[in-house]
Amino acid sequence: MRAVSILAQIVAADTAPKIMLLLALLVSIFGIGVVVVGRRNSAATSAQTSKKDGQPVGNSTGESLQAKDLSVRDRLSKVRATFAGAISIALTSSSITQQTWDDLEEALLRADVGVASTARVLAPLRELVKTKQITQPSDLISALQNEMTAQLSQNSRELNFDSSLGAPNIWLVVGVNGAGKTTTIGKLSAQQRALGRSVLLAAGDTFRAAAGEQLETWASRSGAEIVRGAEGGDPSSVIFDGVARATSRNIDLVLADTAGRLQNNTNLMEELAKVRRVADKGSGKVTEVLLVIDATTGQNGLTQAKQFSLATQVTGVVLTKLDGSAKGGIVFAIETELQIPIKLVGLGETIDDLVAFDAQEFVSALFN
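As the structure is a computational prediction, the values presented were derived from the model and not from experiment.

**Focus on the overall build of the protein**
Tallying secondary structure elements over the protein gives 13 helices and eight strands in all. Counting all 368 residues of the protein, 43% fall into the buried class. Taking all contacts inside the protein whose residues are at least 6 apart in sequence as the whole, residues at least 24 apart take part in 73%. About 18,500 Å² of surface is accessible on the protein, with carbon and sulfur atoms providing 54% of the total.

This is the structure:
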């Protein structure tokens, strides 16, 4: 019996390490499996979240991938919440009284429609109430929507491109720094290239250090050529050289960036007027002057439009950041007071988010 006991101890001593090694190996394999599965689930969840939030997903270019099915109405949700909320509060009474008009006027002013534009919009509604064609506050909503649409739909919003010139079309892009000028030029370049037109970018904003680099990036991405000058140099000479190169190479369109210090800087306005004169003297022709305005600046955008229009004869407005905290009423102030059409609106960061302005779609998105 003692011999058997000794043999059993020897076998146990020899087998135990092997069993422990086997158990350790199994635990390790199980642990690795858990980690792998966990990482896969985490990656899947992250991808879904990124797609939902509009962040880059598997895109080596680093461009933001936003949902393609987002409509103008979806992008204007913040603007609509502010505008429609103020209007609905103004029309909660059971009858139309002077208080109704006061509340409605205040709501429009708070939405950045402006004093003159507010009076112009409400005048026809007052007449409808006076003649008993409207008797309930709720009916004022549809009447207001129709009137706002009518006042915006009179202007042509086509970008001016003269294919019969036999020389480059020149589009000057003006506006204060921070409004989105350079980004707008980049998006315009990509869109015009997609239409089959050859494009040259003239980096005329020589006073902002990063402007030239940003424009070079956009030129590379869109397949456009670019002409730059020395930092702090004469913007007019850069644009003149750009038009000359475009002419020699039979390029269809010159998109010219310009300086963008504050609009109340007299030297800036004089400089922009000079840029316009020089651009017109070359072999090309200025067919469009686009003023880029940050929609979140409110009534200050109207002041900008007045000053820039005097200096450069603005033919259209690009309203950027309309998907943010803008109130939207600045659209009516610019169009009805200055008779300058809103031609393009920026509703995000990607190229596809610079879209043609549709008055009926815009007003409908504010109310519904």
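**A few points about the sheet that holds strand 2 (residues 199–203)**
A sheet is described by the order of its strands in space; here eight strands give the open sequence 3-2-4-1-5-6-7-8, paired in mixed fashion. In the strand order of this sheet, the two ends are held by strand 3 (225–228) and strand 8 (354–356), each with one partner. Geometrically, the sheet is characterised by an average inter-axis angle of 25° between neighbouring strands, direction not taken into account. Relative to strand 5 (residues 285–294), strand 1 (residues 169–174) runs parallel, the two sharing six bridges. Note on strand 5: the bridge partner recorded for Val173 is Leu290.

**Re the nonpolar core**
Counting 89 residues, the largest nonpolar core has Leu172, Leu201, Leu319, Phe332 and Phe362 as its most contacted members. In this view, Leu319 contacts Ile293, Ala295, Ile330, Val331, Ile342, Leu344, Val345 and Gly346; residues no more than four positions away in its chain are not counted.

**Some points on helix 11 (residues 300–312)**
With 13 residues, helix 11 should reach 18 Å at 1.5 Å per residue; the first-to-last C-alpha distance of 18 Å fits that figure. Just beyond helix 11, the residue with positive phi is Gln313, at close to 55°.

**Considering the packing of aromatic side chains**
The final tally for this structure, using the stated rule, is two aromatic pairs. Plain terms: the ring middles of Phe332 and Phe362 are 6.2 Å apart, the flat faces sit at 45° to each other, and that makes the pair tilted. Note that Phe332 is positioned in helix 12 (residues 330–338) and Phe362 in helix 13 (residues 359–367), a separation of 30 residues in sequence. On the basis of relative accessible area, Phe332 is assigned to the buried category, the value being 1%. Between Phe357 and Phe362 the ring centres are 5.3 Å apart and the planes differ by 55°, which places this aromatic pair in the tilted class. For Phe362, a relative accessible area of 3% corresponds to the buried category. Against the face of Phe161 rests Arg197, its NZ or CZ located 3.8 Å from the ring centre.

**Topic: the confidence of the model for the protein**
Mean pLDDT over the protein: 77, with 76% of residues reaching 70 or higher. Segment residues 1–13 is flagged for pLDDT under 50; beyond a separation of four residues in sequence, or across chains, it makes zero contacts in the model. Scored below 50 in pLDDT, residues 29–69 makes 24 contacts in the model with residues more than four places away or belonging to other chains.

**A few points about the packing of helix 6 (residues 137–152) against helix 12**
It is at 9 Å that the axes of helix 6 and helix 12 come closest, and there the two elements cross at 50°. Between helix 6 and helix 12, the crossing angle belongs to the class labelled oblique. Judged by the sense of rotation from one axis to the other, the crossing of helix 6 with helix 12 is left-handed. Side by side, helix 6 and helix 12 meet where Met148, Gln151 and Leu152 of the first sit next to Val331, Phe332, Glu335 and Thr336 of the second. In terms of residue class, the contact of helix 6 with helix 12 is built from four nonpolar, two polar and one charged.

**What to know about the side chain of Ser222**
Tracing the backbone through its elements, the reader meets Ser222 in helix 8 (residues 209–222). Side-chain polar atoms of Ser222 contact the side chain of Ser189, separated by 2.8 Å.

**Quick notes on the pairing of strand 4 (residues 253–257)**
For strand 4, the buried fraction is high: five of the five residues fall into the buried class. Where burial is concerned, the two faces of strand 4 agree: the one with Leu253, Leu255 and Asp257 and the one with Val254 and Ala256 are both buried. Strand direction decides the pairing type here: strand 1 and strand 4, joined by five bridges, are parallel. Across the sheet, residue Ile170 finds its bridge partner in strand 4, namely Val254. In terms of strand pairing, strand 2 meets strand 4 through five bridges, oriented parallel. The residue bridging Leu201 from the neighbouring strand is Leu255, located in strand 4.

**Here we look at helix 6**
Between its terminal C-alpha atoms helix 6 stretches 23 Å, which fits the 22 Å expected from 16 residues at 1.5 Å a residue. Among the residues of helix 6, Pro137, Leu140, Ala143, Leu144, Gln145, Glu147, Met148, Thr149, Gln151 and Leu152 are the ones counted as buried.

**Quick word on the packing of helix 5 (residues 115–130) against helix 12**
Contact geometry of helix 5 with helix 12 gives a least axis separation of 9 Å together with a crossing angle of 85°. When the axes of helix 5 and helix 12 are compared, the pair comes out roughly perpendicular. Mapping the contact onto sequence places Ala116, Ser117 and Arg120 in helix 5 and Phe332, Ala333, Thr336 and Glu337 in helix 12. Grouping the amino acids of the contact of helix 5 with helix 12 by side-chain chemistry returns three nonpolar, two polar and two charged.

Conventions and cut-offs
Residues numbered from 1 in each chain as written. Predicted model: local features only at pLDDT ≥ 70, side-chain atom pairs only at ≥ 80, totals over all residues. Heavy atoms only, no water. Helix = DSSP H or I, 4+ residues; strand = E, 2+ residues; numbered from the N terminus. Buried < 20%, exposed > 50% of the residue type's maximum accessible area, 1.4 Å probe, protein only. Contact = heavy atoms within 4.5 Å. Areas by Shrake-Rupley, 256 points an atom, 1.4 Å probe, with all protein chains shown as cover. Pairing = 2+ DSSP bridges. Axes fitted to C-alpha atoms, helices over the stretch in contact; angles between N-to-C directions. Core = buried A, V, L, I, M, F, W, Y, C linked by side-chain atoms within 4.5 Å. Expected span 1.5 Å × (residues − 1). Phe/Tyr/Trp six-rings, centres within 6.5 Å; stacked < 30°, edge-to-face > 60°. Lys NZ or Arg CZ within 6 Å of the ring centre and 35° of its normal. pLDDT = per-residue confidence, 0-100. Parallel < 35°, antiparallel > 145°, perpendicular 65-115°, else oblique. Left-handed = near helix turned anticlockwise from the far one by under 90°. Nonpolar A, V, L, I, M, F, W, Y, C, P; charged D, E, K, R; others polar. Polar contact = N/O pair within 3.5 Å; in protein donor to acceptor, adjacent residues only side chain to side chain.

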